[in-house]
Amino acid sequence: MPVDPIQLTKRLVNIESTTYHEGLAGAFLHEFLSSQRYLVERMPVSQPERALTPGAGDGERFNVYAALPGVTPDVVLSTHMDTVPPYFGCREDDEFLYGRGACDAKGIIAAQVAAADRLREAGVKVGLLFVVGEERDSVGADVANQHPKGSRFLINGEPTDNRLALASKGALRVELRAKGKMAHSAYPELGESAIDKLVEALHDVLAMPLPAEPEIGPSTLNIGLIEGGRAPNVIADKAEAHLLIRLVGPADETKQNIVKTVGDRADVTFSLELPFVRMRKVGNLPTMVAKFTTDIPSLTAWGEPFLLGPGSIHVAHTPDERIAKKELLEAVDLYFQLAEELVRS
């Protein structure tokens, strides 16, 4: 019986799989794909110690790869199983499915499984790869890249409104840590405020010019986390900030400018770097530019990359995350069309 992407999406959304807790979703997909006559492989992914807190699926963590027995795929459909917190289950109305992961990326998993079902019936050698950790550090993709299956093409899924991405921005995660000297706040001259240093450094970093690409747009910077100090009446001896820059070119110049701008006011650490990626147009598929980052830079061994998926990135990571049922069904057709055109060309 053909895979129903709407029903499969509902089942997946009702499984909690926030990052580090993807085990239950992986186990479900292993069982489901095995029942669809695939040979299914689990690729173990290590669990960082900081993540071992109570939650769904604690313990085993793994990617899921599936293909028909003995088949080396020409094209692999791939996306991620993990979601951002907080978890909330599925509900629906006539038009939409709602819930955490509905568009990012469990609806995409369902559409890819349904498309693969059609592709193999059409004689296309297809594989499926579902990874962990995309929302945090792409560790699942890194592990998968050590175990390529010989595919010529990779179709990665993220919410692109069913348009083929011509580019996706890179990411540079930056951590600033300032040190000071504690003192009574009534006598600030006896101390040295780490918070003052950090605030001044951040002010100057925000004023930095960032690279831009005429066809893509500018790089963007977000200060996502600030913490520090001890109490309102204590001069702060420590403070830190975590930044994320969406890149439209190489990171080296931006990294050098940050280090120069911050100077000796804080220590600078670059904890994640994913490159900007350009991709090609295929046929008459509508196109877009993805301002977000994907697993594609970490899956270089899986073939020429393409990026396409149902749903809007504007509702991903929000309390109103949803996907249109119509768009989900259209995605199955688009994945089939793109994959067939690639392998037949």
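Below is a short write-up of the structure. (Residues numbered from 1 in each chain as written. Predicted model: local features only at pLDDT ≥ 70, side-chain atom pairs only at ≥ 80, totals over all residues. Heavy atoms only, no water.)

## Section: the pattern of salt bridges
Rules: Salt bridges are defined as contacts in which a side-chain nitrogen from Lys or Arg sits within 4 Å of a carboxyl oxygen from Asp or Glu. Secondary structure elements are defined from DSSP: runs of H or I of at least 4 residues count as helices, runs of E of at least 2 residues count as strands, and each element is numbered from the N terminus.
Tallied over the entire structure, the rule returns 22 salt bridges. Here Glu41 and Lys149 are joined by a salt bridge, their closest N and O atoms 2.8 Å apart. Remark: Lys149 occurs in the loop between helix H4 (139–145) and strand E7 (153–156) and Glu41 occurs in strand E1 (residues 39–44); sequence separation between them is 108 residues. Salt bridges here are not isolated pairs; linked through shared partners, they connect Lys10, Glu92 and Lys325.

## Notes on the sheet that holds strand E5 (residues 96–98)
Definition in use: Note on pairing: two strands pair once DSSP finds at least 2 bridges between them. We call two residues contacting when some pair of their heavy atoms lies within 4.5 Å. Whenever a helix is involved, its axis is fitted only over the stretch in contact; in every case the axis is a line through C-alpha atoms, and angles between N-to-C directions fall within 0 to 180 degrees.
Overall, antiparallel pairing links the three strands, which are arranged E4-E5-E18 in an open sheet. Only two strands of the sheet have a single partner each, and these edge strands are strand E4 (91–92) and strand E18 (322–324). Relative to E18, E5 is paired through three bridges, and the arrangement is antiparallel. In the strand pairing of E18, Leu97 is matched with Ile323. Its contacts with the sheet place helix H3 (residues 102–121) against E5 and E18, and it is angled at close to 50° to E18. Against the sheet, helix H7 (residues 325–344) touches E4, E5 and E18, its axis set at about 70° to E18.

## A few points about the environment of Gly150
Heads up, the condition is: Buried means the residue's accessible area, taken with a 1.4 Å probe over protein chains only, is under 20% of the maximum for its type, while exposed means over 50%, and partly exposed covers the values in between.
Relative to the helices and strands, Gly150 resides in the loop between H4 and E7. Residue Gly150 is classed as partly exposed on the basis of its relative accessible area, which comes to 49%. With residues near it in sequence (within four places) discarded, Gly150 still touches Thr72 and Pro73.

## Considerations on the packing of aromatic side chains
Definition in use: Put simply, two rings from Phe, Tyr or Trp (the six-membered ring, in Trp's case) pair if the centres are within 6.5 Å, and we call them stacked under 30 degrees between planes, edge-to-face over 60, tilted for the rest.
A full pass over the atoms with the stated rule returns four aromatic pairs. Judged by centre distance (6.0 Å) and plane angle (25°), the ring pair of Phe28 and Phe32 falls under stacked. Taken as a pair, Phe28 and Phe32 lie in helix H2 (residues 23–35) at a separation of four residues, close to a single helical turn. Like Phe28, the residue Phe32 is buried in the burial classification.

## Re the packing of helix H1 (residues 5–13) against H7
For clarity, the threshold we go by: When describing relative orientation, an angle under 35 degrees is termed roughly parallel and one over 145 degrees roughly antiparallel, while 65 to 115 degrees is termed roughly perpendicular and anything else oblique. For a crossing to be left-handed, the near helix must be turned anticlockwise from the far one by less than a right angle; the clockwise case is right-handed. Polarity classes work like this: nonpolar for Ala, Val, Leu, Ile, Met, Phe, Trp, Tyr, Cys and Pro, charged for Asp, Glu, Lys and Arg, and polar for all others, with Gly in that last group.
It is at 10 Å that the axes of H1 and H7 come closest, and there the two elements cross at 110°. With respect to their mutual orientation, H1 and H7 come out roughly perpendicular. In this structure, the crossing between H1 and H7 has a hand that is right-handed. The residues of H7 that touch H1, namely those facing Pro5, Ile6 and Thr9, are Lys325, Leu328, Leu329 and Val332. Each residue belonging to the contact of H1 with H7 can be placed in one class, and the counts come to five nonpolar, one polar and one charged.

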